[in-house]
Amino acid sequence: MAENGASEYTEGTPCWVDAQLPDLEAGKRFYGELFGWTFEDQPTGTVRALKDGEPVASLAHKTDGRLPTVWTVSFATADAEALCRRILAGGGQVVASPAPFGDLGRTALVTDPEGAVFSLWQPGTAAGFGRRHEPGTFAWVQLYARDTETANTFYGDLFHEALFGEGADPDFGRAPVTEVFAPQMPPHLLVHFAVRDLEAALGEVARLGGRTQVPPFGTSYGTAAVVTDNQGASFALLHR
């Protein structure tokens, strides 16, 4: 399932995204029309999203109404247990310890020192994205942090090879919360999906029942806009 038949991603590379939604059917309608995704049910109870027949994301039913409706990014690792130990040593937390996800791989839910949530993915039969960096697929993830120095130290130590290794071309940036969000916004990781036409995509979001949170703004990695879907999950649209 890895892009271009690759067997694995460098540790610390974003390799998957998933959304926890109250209404899966509504999610399929929204993202199917917005990005041209098709869907297939998985034995794990999730729904896998496909773009041109290749896996690009997954949707899951949110079973506890107290949990947020969110998109979560997974970073690749060859050893989830060892990476969890390093996260704890760096000041982060382990929310859910590594556990099997069918035969697809092992997953863990963790936070950085400021509480921003992300997942780890240790591949089994599924390495990650079948397509990325194309319209309707994952393009970037941006961490919005209160203390960017702490964030840079934490992630730089944790994912050094993916961020700074020879030939590294990371899909992961860090910025202050106050750059585009209100100062009271908690630290978080924001998933970006590529689009061909940003204004047209924003129109589609509105037509499908979503809304624009932050209108288009320039970044070092393209022009982005922050939106929510029709159930309140935030994500970004990115044009390069």
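Caption draft 1: The arrangement of the overall build of the protein in detail. Regarding its fold elements, the protein presents five helices and 14 strands. A globule of 240 residues ought to have a C-alpha radius of gyration of about 18 Å, and the protein, at 17 Å, matches this closely. Viewed in the frame of its principal axes, the protein has a C-alpha envelope of about 45 × 40 × 40 Å. Across the 240 residues that make up the protein, the buried fraction comes to 52%. Within the protein, one finds 17 positive and 30 negative side-chain charges whose respective centroids are separated by 5 Å.

Caption draft 2: Main features of the packing of helix α2 (residues 80-89) against helix α3 (residues 148-158). Orientation of α2 relative to α3, taken along the N-to-C sense of each, is 155 degrees, at an axis distance of 10 Å. Regarding the angle of α2 to α3, the classification is roughly antiparallel. For the pair α2 and α3, the sense of crossing is right-handed. Where α2 approaches α3, its residues Leu83, Arg86 and Ile87 are matched on the opposing element by Phe154, Asp157 and Leu158. Its residues assigned to classes, the contact of α2 with α3 shows four nonpolar, no polar and two charged.

Caption draft 3: Highlighting the pairing of strand β8 (residues 117-123). Across the seven residues that make up β8, a large majority, five, are buried. In the sheet, strand β5 (residues 70-76) pairs with β8 via three bridges, with the strands oriented parallel. In the strand pairing of β8, Ala76 is matched with Trp121. Inspection of the sheet shows strand β7 (residues 105-111) paired to β8 by seven bridges, in the antiparallel sense.

Caption draft 4: Region of interest: the nonpolar core. In this structure, Trp71, Phe118, Tyr155, Leu189, Phe235 and Leu237 are the most contacted members of the largest nonpolar core, which totals 58 residues. Once residues lying within four places of it in the same chain are set aside, the contact partners of Tyr155 are Asp112, Phe118, Leu143, His160, Leu163, Phe172 and Leu189. Core analysis: the second largest hydrophobic core is formed by 15 residues, Tyr144, Phe181, Phe217 and Ala236 among them.

About the thresholds
Residues numbered from 1 in each chain as written. Predicted model: local features only at pLDDT ≥ 70, side-chain atom pairs only at ≥ 80, totals over all residues. Heavy atoms only, no water. Helix = DSSP H or I, 4+ residues; strand = E, 2+ residues; numbered from the N terminus. Rg over C-alpha atoms; globule rule 2.2 N^0.38 Å. Buried < 20%, exposed > 50% of the residue type's maximum accessible area, 1.4 Å probe, protein only. Lys, Arg positive; Asp, Glu negative; His and termini not counted. Charge placed at Lys NZ, Arg CZ, Asp CG, Glu CD. Axes fitted to C-alpha atoms, helices over the stretch in contact; angles between N-to-C directions. Parallel < 35°, antiparallel > 145°, perpendicular 65-115°, else oblique. Left-handed = near helix turned anticlockwise from the far one by under 90°. Contact = heavy atoms within 4.5 Å. Nonpolar A, V, L, I, M, F, W, Y, C, P; charged D, E, K, R; others polar. Pairing = 2+ DSSP bridges. Core = buried A, V, L, I, M, F, W, Y, C linked by side-chain atoms within 4.5 Å.

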